[in-house]
Every structure is written in C-alpha cells, then in structure tokens.
Amino acid sequence: MTSLFDPIRIGAINAPNRIIMAPLTRGRATREHVPTPIMAEYYAQRASAGLIVSEATGISPQGLGWPYAPGIWSEEQVEAWKPVTQAVHEAGGRIITQIWHMGRAVHSSVTGEQPVSSSVGKAPGEVHTYEGKKPYEEARALRLDEIPGLLDTYERAARNAMAAGFDGVQIHAANGYLIDEFLRNGVNHRTDAYGGSPENRIRLLREVTERVIATIGADRTSVRLSPNGETQGVDDSDPAAVFLPAARMLSDLGIASLGLREPGPNGTFGTTTVPKLSPRIREVFKGVLILNSDYTPELAQEALDSGVADAISFGRPFISNPDLPERIRRHLPLAPDNMKTWYSQGTEGYLDYPPAS
C-alpha cells in the first residue's frame with residue numbers, strides 16, 4: 001500500500017512525501033503586493049511538506065484585488081520572491097506558486113478598474129478591501145480582443161515565477177475566480193467561442209495552460225479546479241459535463257498535477273451536497289491527482305488506499321502546524337489556528353506557531 005510518507009514524482013519535482021501544502025492566502029505582502037521578508041521564514045518553516053503550493057499570487061493589477069496579497073508581474077515582486085524560494089530550498093523544500101486572476105471577485109478600490117468576468121454580473125456578498133468589506137461590484141464581460149493580452153499576463157507570470165526561483169506554477173482555475181467563471185454555466189452566459197458548450201467554456205483554461213506549458217514546460221505546470229458545488233456564486237448545472245472533459249484535456253497536455261478542492265456536506269469552510277467528481281476524474285486524468293478539503297490524516301490515507309488520489313493537500317492544518325508531516329507521522333495532536341490572524345499583517349499567527357517538541 002502507498003502511504004502518505006512515500007515519495008512521489010510530480011512532473012519535474014521529486015517530492016519526499018505526499019503531504020502537500022495547499023495554497024493559503026495570508027495577507028503579509030505590502031499594499032503594493034510585494035512579498036515581505038517574514039514570508040521567507042513562514043514558508044521555510046513548512047518546507048517539510050512534500051511540496052508547497054504558495055498562496056494565490058496575482059498575475060496583473062487587474063486580477064489582484066485581495067489586500068496585501070502578493071503579485072508576480074513586476075521586477076520588484078520577482079526580486080522580493082527570491083529570498084522566499086531560496087529559504088525554502090535551503091530548508092530542503094520544494095515550492096511552486098499559484099498564479100491567480102480573481103475575475104469578478106475584486107473591488108475597484110483595490111484594482112483601480114471595474115472587475116472583469118466571463119459575463120456581466122457580480123458575486124454575492126462582500127469583498128475584502130483596504131477600507132474593510134464592501135459589496136461586490138458589477139463585472140463587465142471580458143472582450144474577445146482582450147483575451148490575447150490576458151494570455152500574455154499568464155505567460156509573464158510563469159516566466160517570472162521561474163526567475164524568482166519557484167519550481168513551477170499552479171494555474172488557479174477554481175473557487176469562483178476568472179477561469180472558473182468561464183468554466184461554469186451559472187456565470188458564463190457568453191454566445192461566442194468562449195461560451196455555450198462545455199468545449200467552448202473549457203477554451204480559456206486550455207489556452208492558458210498551453211501558454212504556460214510553452215513558457216516553462218508541462219512538467220512544471222499544474223492546475224487547480226473546484227468541480228463540485230457553488231463557490232462565490234459560481235456554479236454549474238452539470239459539473240461532470242464540463243469538468244470531465246477539462247480533466248481529460250489537461251491529462252492530454254501532460255501537466256505535472258491536477259489539484260481538486262472538493263468540499264462535502266459537512267465542510268468546515270464551504271459545504272455542498274453535490275457529489276465529488278474525483279472518482280470519475282481519476283478515470284480520465286492520468287497524471288498526479290491531488291485532493292483537498294477537510295482531510296484528516298486518516299481520510300487522506302484512505303484516499304490513497306482507494307487509488308482515487310496520489311497525494312493530499314492540507315490547508316489550514318499547515319497554518320498552525322508548520323511541521324505537519326512530522327506530527328502526522330508521530331500521530332501527535334494538531335494545534336488549533338486563530339482565524340483572527342489568517343489575513344492580518346505581522347508575525348502573530350504567522351511565524352509564532354512552534355513545531356512539535
């Protein structure tokens with residue numbers, strides 16, 4: 001039987017275990033979206049993960065609306081990321097960056113412009129801004145003549161990631177952000193080549209992935225999807241009809257890994273009764289499949305035993321348990337985290353969780 005502690009090759013990366021650190025927005029960059037020195041220590045503390053997937057990182061000012069989240073479109077940002085990746089590598093770890101366009105889930109007070117999406121509409125609820133939470137604004141539909149420029153920003157982000165010392169990238173195509181807004185018909189009401197049929201709705205994901213692959217190679221390119229249930233107002237009437245062809249397409253492109261965020265009916269950070277698609281995606285995706293959402297060590301091992309997953313990514317447990325693989329190995333209790341410090345600035349709730357004794 002394969003265990004969580006068996007090594008695995010994820011494209012070009014040799015991971016020493018199958019306990020992956022999921023992307024976690026933490027809000028410790030500057031207001032100008034430049035990484036800060038404390039981020040190097042934070043990620044180095046967690047270098048025992050088989051692979052770290054960095055917090056979601058903006059590909060452009062248009063697509064980054066989360067206050068104090070980092071970007072990777074400028075030379076200043078690239079230079080500030082270098083000490084982070086160096087610290088992880090010196091600690092024996094491996095790290096890829098998740099590249100992110102938030103689509104309609106932004107506010108103009110942060111980005112400086114009206115949000116864009118697959119179609120006109122706005123997300124439900126409120127969005128984080130530098131002045132506190134505000135209602136989401138109506139997004140405009142991305143024009144066809146803007147898509148080539150969008151692809152250019154993904155290419156630049158991927159190239160910058162490698163210049164910054166990352167071991168690869170993960171394309172964020174989940175959680176109600178831009179690519180997900182194209183994938184799912186609850187939001188995508190386009191009538192052009194990027195809307196309507198599943199093949200058309202998959203088009204942007206395919207083009208982004210092909211561009212990133214052409215820039216850094218398939219063996220350093222990964223993707224994240226959230227195929228089941230509504231997220232930030234984004235949903236689909238027939239998830240299997242779009243996500244199974246998407247997974248098959250990504251498999252054919254030969255990406256290093258596919259990550260799936262799949263909440264369940266008792267999820268602690270999002271719930272849904274829509275069945276998980278991972279068993280069916282497993283049948284069509286032949287690369288490394290990484291599952292995520294509310295996994296305990298026991299459930300993670302069961303997923304490996306069943307063959308539906310090759311590795312499991314853990315998110316919030318890594319916040320307060322920097323040495324999570326060791327704690328799981330030794331069957332130690334996991335330390336709780338403090339939600340009030342998830343997105344706060346400074347070191348409290350960021351650098352001050354001790355390793356197990």
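That block above? That's the structure.
Quick look at the structure, then. (Residues numbered from 1 in each chain as written. Predicted model: local features only at pLDDT ≥ 70, side-chain atom pairs only at ≥ 80, totals over all residues. Heavy atoms only, no water.)

### Focus: the overall build of the protein
Now for step 1: The helix and strand inventory of the protein stands at eleven helices and 14 strands.
Now for step 2: Radius of gyration (C-alpha) of the protein: 19 Å, near the 21 Å computed for a compact globule of 357 residues.
Now for step 3: Over its C-alpha atoms, taken along the principal directions, the protein stretches across nearly 55 × 45 × 40 Å.
Now for step 4: Of all 357 residues assigned to the protein, the portion counted as buried reaches 59%.
Now for step 5: Long-range pairs, those at least 24 residues apart, make up 70% of the contacts in the protein with a sequence separation of at least 6.
Now for step 6: About 13500 Å² of surface is accessible on the protein, with carbon and sulfur atoms providing 52% of the total. (Helix = DSSP H or I, 4+ residues; strand = E, 2+ residues; numbered from the N terminus. Rg over C-alpha atoms; globule rule 2.2 N^0.38 Å. Buried < 20%, exposed > 50% of the residue type's maximum accessible area, 1.4 Å probe, protein only. Contact = heavy atoms within 4.5 Å. Areas by Shrake-Rupley, 256 points an atom, 1.4 Å probe, with all protein chains shown as cover.)

### Some details on the pattern of salt bridges
Now for step 1: A complete count under the given rule lists 19 salt bridges for this structure.
Now for step 2: Where Asp 192 meets Arg 190, a salt bridge forms, and the shortest distance between an N and an O atom there is 2.8 Å.
Now for step 3: One network of salt bridges, in which partners are shared, links Arg 140, Arg 143, Asp 145 and Glu 146. (Salt bridge = Lys/Arg side-chain N within 4 Å of Asp/Glu carboxyl O.)

### Concerning the nonpolar core
Now for step 1: With 83 residues, the main nonpolar core has Leu 205, Leu 225 and Leu 258 as its most contacted residues.
Now for step 2: For this core, the element with the most residues is helix α7 (residues 239-253), which contributes eight residues.
Now for step 3: Ignoring any residue separated from it by four or fewer positions in sequence, one finds Leu 258 in contact with Val 223, Leu 225, Ala 247, Leu 250, Ile 281, Phe 285, Val 288, Leu 289 and Ile 290.
Now for step 4: In terms of nonpolar packing, the next biggest core, distinct from the first, is built from 13 residues, Leu 64, Trp 100, Ala 123 and Tyr 136 among them. (Core = buried A, V, L, I, M, F, W, Y, C linked by side-chain atoms within 4.5 Å.)

### Structural notes on the side chain of Ser 226
Now for step 1: Looking at the secondary structure, you find Ser 226 in the loop between β11 (221-225) and α7.
Now for step 2: Among the polar contacts made by the side chain of Ser 226, one reaches the main-chain amide nitrogen of Asn 175 at a distance of 2.8 Å.
Now for step 3: Those residues in contact with Ser 226 that sit more than four places away from it in its chain are Ala 174, Asn 175, Asp 180, Arg 184, Phe 243 and Arg 261. (Polar contact = N/O pair within 3.5 Å; in protein donor to acceptor, adjacent residues only side chain to side chain.)

### As for helix α1 (residues 37-45)
Now for step 1: What α1 keeps buried is the set Met 39, Ala 40, Tyr 42 and Tyr 43. For α1, the angular spread of the buried residues around the axis is 165°, confining them to a single face.
Now for step 2: In this fold, the buried residues of α1 make contact with β3 (19-21), β4 (51-58), α2 (75-90) and β5 (95-100). (Arc of directions from axis to C-beta.)

### Digging into the sheet that holds strand β10 (residues 169-172)
Now for step 1: Spatially, the eight strands close up into a barrel ordered β3-β4-β5-β10-β11-β12-β13-β14, and their pairing is parallel. The mean inter-strand angle of the sheet, taken between neighbouring strand axes irrespective of direction, is 25°. (Pairing = 2+ DSSP bridges. Axes fitted to C-alpha atoms, helices over the stretch in contact; angles between N-to-C directions.)

### A closer look at the packing of aromatic side chains
Now for step 1: Summed over the entire model, instances satisfying the criterion amount to eight aromatic pairs.
Now for step 2: Aromatic pair Trp 66 and Tyr 343: ring centres 5.0 Å apart, planes at 65°, arrangement edge-to-face. Taken together, the positions of Trp 66 in the loop between β4 and α2 and Tyr 343 in the segment after α11 (324-329) put the pair 277 residues apart, joining distant regions of the chain.
Now for step 3: Note on Phe 182 and Tyr 194: the rings are 6.3 Å apart at their centroids and 85° apart in plane angle, and the pair reads as edge-to-face. You can see Phe 182 sitting in helix α5 (residues 178-183) and its partner Tyr 194 sitting in the loop between α5 and α6 (198-216), a full twelve residues away along the chain. Tyr 194 carries the same exposure label as Phe 182, and that label is buried.
Now for step 4: Site record: aromatic cluster; members linked through ring pairs are Tyr 42, Tyr 43 and Tyr 350.
Now for step 5: It is Arg 203 that lies over the ring of Tyr 194; its NZ or CZ is 5.8 Å from the centre. (Phe/Tyr/Trp six-rings, centres within 6.5 Å; stacked < 30°, edge-to-face > 60°. Lys NZ or Arg CZ within 6 Å of the ring centre and 35° of its normal.)

### So, the side chain of His 172
Now for step 1: Relative to the helices and strands, His 172 is located in strand β10.
Now for step 2: Apart from residues lying up to four places away in sequence, His 172 is in contact with Ala 56, Gln 98, Ile 99, Trp 100, Tyr 177, Ile 179 and Arg 224.

### Section: the packing of helix α4 (residues 147-163) against α6
Now for step 1: Across the interface, α4 lies against α6 with an axial gap of 9 Å and an inter-helix angle of 40°. Classified by chirality, the crossing of α6 by α4 is right-handed. In this structure, α4 uses Ile 147, Pro 148, Leu 150, Leu 151, Asp 152, Tyr 154, Glu 155, Ala 158, Arg 159 and Met 162 to contact α6, whose residues at the interface are Leu 204, Glu 207, Val 208, Arg 211, Val 212, Thr 215 and Ile 216.
Now for step 2: Each residue belonging to the contact of α4 with α6 can be placed in one class, and the counts come to eleven nonpolar, one polar and five charged. (Left-handed = near helix turned anticlockwise from the far one by under 90°. Nonpolar A, V, L, I, M, F, W, Y, C, P; charged D, E, K, R; others polar.)

### Considerations on the pairing of β10
Now for step 1: Along β10, one buried face is formed by Val 169 and Ile 171 and the opposite face, lined by Gln 170 and His 172, is buried too.
Now for step 2: Taken together, the three bridges between β5 and β10 define a ladder with parallel strand orientation. Note that in β10 the partner of Ile 99 across the bridge is Ile 171.
Now for step 3: Note that β10 and β11 share four bridges and pair parallel. Counted as the bridge partner of Val 169 is Thr 221 from β11.

### Here we look at unusual backbone geometry
Now for step 1: If you check the backbone angles, Tyr 68 has positive phi at about 65° while not being a glycine.
Now for step 2: When you line up the elements, Tyr 68 lands in the loop between β4 and α2.
Now for step 3: Positioned with a positive phi, His 331 is a non-glycine residue whose angle comes to about 55°.
Now for step 4: Positionally, His 331 belongs in the segment after α11.

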